Amino acid sequence: MSKSISPLLPIVYSSEVTAAKARGAPLVALESTIITHGMPFPGNLEMARSVEQIVRLEGAVPATIAVIEGVLHIGLEPEQIAALAQMKDVMKLSRADIAFALAERRSGATTVAATMIAAARAGISVFATGGIGGVHRGAEESFDISADIEELARTAVIVVSAGPKAILDIPKTLEMLETRGVPVVTYDSEEFPAFWSRISGLKSPLTLPSPAAIANFQRMREQLGIDGGMLIANPVPLEDEIAREEMEIYIGRALASAEREEITGKAVTPFLLDTIFHMTGGRSLKTNIALVENNARLAAEIAVAMNA
Ligand code: PSU
Ligand code: MN
């Protein structure tokens, strides 16, 4: 398979990523929480495979990131992806506990925050996901704000999303990103998207029309000595979207049932996504897969442009 780069950090690169690094090919990081906690089997596995294939078709190399039995994997072999997609009791890792999983030889999927940390460590500067975590509705009571926001502020990785997940409080999430100095750029639209829907009703803070323009913006930030990442919001394709008014009905009901069942902490986002999956008869999953695929394509184009 491949080799460790440090005797202290148990890190392994997939054969494909090792070869890509040797020839200086553009790389795109992909997260694994979306596989283990964000989607049911077998849709999760189909998604994990198809996003990797899309990245390859665009001329970049995919690096799906996860912790398996205490080893940080940058790129997974096909059989590891298949195993992860059906694994039970996998940790959901963020900045707070990714090193815990390594030290205790546990297995865990990486969230946006943890994937950014691992990607930066591996020299990968572009990353595709579905939607970032952010400020939850009712955060003024629960204080539930995703560590993804803080990570975007700290770690220099471009994260391509379809916006924050629409289960969140999107205006508050944008406010926090602004406070923490994270650029929020919508790709090719003035309208800020809302994950399953193309519009959130909010204007995007910034808009850029091409992968090259995004790469150029990032270079300019580096020249100025500004660290931290940036968030790209890539609206879900029209043919795959579920309208915002319709989604709001499901989201409202899912939030009410989360409250009834007293779901808190890390379990909130997976619970809401699963509840909405059942309410929509699987339609939300179809849209979720389509938007991740769309993000993988754009991320690969940005990685290629950054390499140019
Ligand atoms: N995008 C998806 N589905 C997901 C996620 C992203 O389409 O499940 C995951 C990401 O790993 C993100 C996490 O970091 O949800 C947010 O979790 P929380 O709200 O607990 O911070
Ligand atoms: Mn949370």
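For the structure itself, consult the block above.
Since this is a predicted model, take the numbers as computed values, not measurements.

Novice: When you look at helix α11 (residues 244-260) in this model, what are you seeing that I'm missing?
Specialist: An α-helix turns once per 3.6 residues; consequently, residues spaced three or four apart project the same way. Taking 1.5 Å of rise per residue, 17 residues should cover 24 Å, and α11 covers 24 Å from first to last C-alpha, within 8% of that figure. Within the span of α11, buried status applies to Met 247, Tyr 250, Ile 251, Ala 254, Ser 257 and Ala 258. One side of α11 holds all its buried residues, which, seen down the axis, span an arc of 130 degrees. Across α11 from its buried face, at more than 90 degrees, point the exposed residues Glu 245, Glu 259 and Arg 260. Those residues of α11 that are buried are in contact with β11 (197-203), α12 (268-279) and α13 (283-307). A positive phi of about 55 degrees marks Glu 262, the residue just after α11.

Novice: I'm lost on α12 in this one. Help?
Specialist: Here α12 contains 12 residues, and its C-alpha end-to-end distance of 16 Å stays within 8% of the 16 Å for a straight helix at 1.5 Å per residue. Looking only at α12, the buried set comprises Val 268, Thr 269, Pro 270, Phe 271, Leu 272, Leu 273, Thr 275 and Ile 276. Where α12 ends, the next residue or the one after it, Gly 281, has phi of about 60 degrees, a positive value.

Novice: Help me understand the pairing of strand β3 (residues 61-68) in this model?
Specialist: Within β3, eight of the eight residues are buried, leaving the element largely enclosed by the surrounding structure. Residues of β3 alternate between two faces, with Val 61, Ala 63, Ile 65 and Val 67 on one and Pro 62, Thr 64, Ala 66 and Ile 68 on the opposite face, all of them buried. Bridging between strand β2 (residues 27-30) and β3 involves four bridges; their strand directions are parallel. Bridge pairing in β3 places Leu 27 opposite Val 61. Pairing between β3 and strand β4 (residues 71-74): four bridges, direction antiparallel. Within β4, the residue paired with Ile 68 across the bridge is Val 71. Adjacent in sequence and paired antiparallel, β3 and β4 are bridged by two residues, among which Glu 69 carries a positive phi angle near 45 degrees.

Novice: Before we go on, may I ask you to explain the side chain of Thr 269 in this structure?
Specialist: Along the polypeptide, Thr 269 turns up in helix α12. Once residues within four sequence positions are removed from consideration, Thr 269 is found in contact with Lys 92, His 136, Lys 165 and Ile 167.

Cut-offs applied
Residues numbered from 1 in each chain as written. Chains lettered and ligands numbered in written order. Predicted model: local features only at pLDDT ≥ 70, side-chain atom pairs only at ≥ 80, totals over all residues. Heavy atoms only, no water. Helix = DSSP H or I, 4+ residues; strand = E, 2+ residues; numbered from the N terminus. Expected span 1.5 Å × (residues − 1). Buried < 20%, exposed > 50% of the residue type's maximum accessible area, 1.4 Å probe, protein only. Arc of directions from axis to C-beta. Contact = heavy atoms within 4.5 Å. Pairing = 2+ DSSP bridges.

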